[in-house]
Amino acid sequence: MSASVITVETQEDLSHKLIIQRPSHGLSLQGSIRIPGDKSISHRALMLGALAQGETQIQGLLLGEDPRSTASCFQAMGAEISELNTELVRVKGIGLGNLQEPFDVLNAGNSGTTLRLMLGILASHPGRFFTVTGDGSLRSRPMSRVVKPLQQMGAQIWGRKGNSLAPLAIQGQALKPTHYYSPIASAQVKSCILLAGLMTEGQTTVTEPALSRDHSERMLRAFGAELSIEPETNSVTITGPAQLHGQSVIVPGDISSAAFWLVAGAIVPDSELVIENVGVNPSRTGILEALALMGADIQLENQREVAGEPVADLRVRSSRLQSCTIAGDIIPRLIDEIPILAVAAVFAEGTTIIRDAAELRVKESDRITVMTQQLNKMGAKVTELSDGMEITGGTPLVGTDVDSHTDHRIAMSLAIAALVATGITTIHRAEAAAISYPNFTTTLQQVCS
Ligand code: S3P
């Protein structure tokens, strides 16, 4: 086995071209990988730490651009946050209700989680005025899904297109409790409302059509909030006003980042990879179930619980994959992994169908259109559906020029596809990976060497 050639070229506009050339006589991936901290848990640890009384210590925080956006927004409102590193980040909380009115616009960058969760916090802080914005992608993503339930609680929020697009202006208010029946299974919507409920006197309830990730519920309880959960109806109730107390948080590795190596290990022949310290919260493990359905050889080892979240090491060995259908309630449990799952489907025998995933159209890019176009450029057979994709596996991929559309998960999914394409693949705007996975290229080089 000889190494594939993986290089990065920085362009004049500072974007990166990631160039991947698979060696003509094949490649196998071997080794142990430590992935970066979970993005969802990192955001929540920073936010709850900022709102709590006393100090919060966070180990294993994701140092990607998205959590940096969260940290800078809360620093601008008075929280003291030490330099971000994976060893230990200290957050000196200012206590619920004590956020300072920022002098400037709060910028959530590319991060939907920062903006949507923060809106619940800002809208329920009486007497302060806030303005929030984000990058071009975030400014075109729908905010009405959180603005509407907040308005139902009495929030005052203004923005473009009927208050549905950032930039948004928020006049903080004492809110009234509500029971919100969300039309979509979205942890961002659920968390926004629960965070608004923290400061709101009485019981605030969210019911969603299917279970979405429950990191907010777990962490709110750990910080001292009173929460009741009804799993049969997918409902969560928070009783406010709450008091939060600083905690010690250990952030597990992000299963959404592990997913790239799970698929790489499965589709690159003669590979065996161990991905260490991966968060395997059941509300996130849809990817493991989908890959198991496809015949992937993945074992969970050393299963344990760390700071209220289940964790395991994942061993993947390459195997022949078969097509499957992925739809219904599993979708929210693997929503961020669908781009890389589409890559797995390209190497599976038969036609894989992904449905009920229209949410992909309002992620960092329209992930249905972008994945369909980019994989087809490489020779795949992907048909776009209104709410998913139909992928017929078995056609060999050929390296060519593809584009991330500045979407981190698209950039990394295409890099994994490139490992099994003949010739040279050039991924334009690959720097997007740093949103959730700052060392992705280094790890890619490591497992390919
Ligand atoms: C997230 C929830 C999901 C996910 C996003 C992170 C969170 O979004 O896609 O990457 O941390 O709450 P939705 O709530 O829009 O499904």
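None of the values given here were measured: they were computed from a predicted structure.

Caption draft 1: Region of the structure containing the pairing of strand β8 (residues 129–133). Pairing geometry for strand β7 (residues 106–107) and β8, over two bridges, is parallel. Bridge pairing links L106 to V132 in β8. Crossover connection from β7 via helix α3 (residues 112–123) to parallel β8: handedness right-handed. Sheet topology places β8 next to strand β10 (residues 165–171); four bridges connect them, and they run antiparallel. Note on β10: the bridge partner recorded for T131 is A169.

Caption draft 2: Representation of the pattern of salt bridges in the model. In total, this model carries 27 salt bridges according to the counting rule given. Close ionic contact of E359 with R145 constitutes a salt bridge, the shortest N to O distance being 2.8 Å. Highlighted residues: E359 in the loop between β22 (351–354) and α12 (367–377) and R145 in helix α5 (residues 144–152), separated in sequence by 214 residues. Residue R145 is classed as buried on the basis of its relative accessible area, which comes to 16%. Notably, a salt bridge pairs E364 with R367, separated by 3.0 Å at the nearest N-O pair. You can call R367 buried: its relative accessible area is 1%. Members of the salt-bridge network, linked through shared partners, are R141, R213, D336, E364, R367, D407 and R409.

Caption draft 3: Expanded view of the domain arrangement of the protein chain. Domain assignment breaks the protein chain into domain 1 (5–37 + 253–447) and domain 2 (39–250). With centres defined by C-alpha atoms, the gap from domain 1 to domain 2 works out at 29 Å. Across the contact, 27 residues belong to domain 1 and 26 residues belong to domain 2. Roughly 2200 Å² of surface becomes buried between domain 1 and domain 2 when both sides are summed, with 49% attributable to carbon and sulfur atoms. It is R284, E364 and I435 that lose the most area in domain 1 upon contact with domain 2, and together they represent 25% of the buried surface on that side. Inspection of the region where domain 1 meets domain 2 yields three salt bridges. One salt bridge in this structure joins E364 and R141, with 3.9 Å as the shortest N-O distance. Taken together, domain 1 and domain 2 are joined by 14 residue pairs in polar contact (both at pLDDT 80 or more). Those elements that provide at least two residues to the side of domain 1 that touches domain 2 are β18 (309–317) and α13 (408–419). Partitioned by chemical class, the residues of the side of domain 1 that touches domain 2 number eleven nonpolar, six polar and ten charged.

Caption draft 4: Representation of the UniProt feature "binding site: phosphoenolpyruvate" (unreviewed entry) in the protein chain in the model. Sites flagged by UniProt as "binding site: phosphoenolpyruvate" (unreviewed entry) map to K39, G112, R141, Q188, R367 and R409. The subset of the named residues that lines the largest pocket consists of K39, G112, R141, Q188, R367 and R409. Those residues in contact with K39, other than ones at most four positions away along the chain, are L62, D66, T113, D254, H408, R409, I435 and S436. Relative to the elements of secondary structure, R141 occurs in the loop between α4 (136–139) and α5. Apart from residues lying up to four places away in sequence, R141 is in contact with N110, G112, R116, S164, L165, V362, K363 and E364.

About the cut-offs
Residues numbered from 1 in each chain as written. Predicted model: local features only at pLDDT ≥ 70, side-chain atom pairs only at ≥ 80, totals over all residues. Heavy atoms only, no water. Pairing = 2+ DSSP bridges. Helix = DSSP H or I, 4+ residues; strand = E, 2+ residues; numbered from the N terminus. Right-handed = clockwise from strand over helix to strand, strands pointing away. Salt bridge = Lys/Arg side-chain N within 4 Å of Asp/Glu carboxyl O. Buried < 20%, exposed > 50% of the residue type's maximum accessible area, 1.4 Å probe, protein only. Domains from an automatic or database assignment. Contact = heavy atoms within 4.5 Å. Buried area = accessible area lost by both parts, 1.4 Å probe. Polar contact = N/O pair within 3.5 Å; in protein donor to acceptor, adjacent residues only side chain to side chain. Nonpolar A, V, L, I, M, F, W, Y, C, P; charged D, E, K, R; others polar. UniProt positions renumbered as here; feature names shortened; annotations may be inferred. 1 Å grid on protein atoms, 1.4 Å probe; cavity = no way out; pocket = protein on both sides within 12 Å on 5 of 7 lines; lining within 4 Å.

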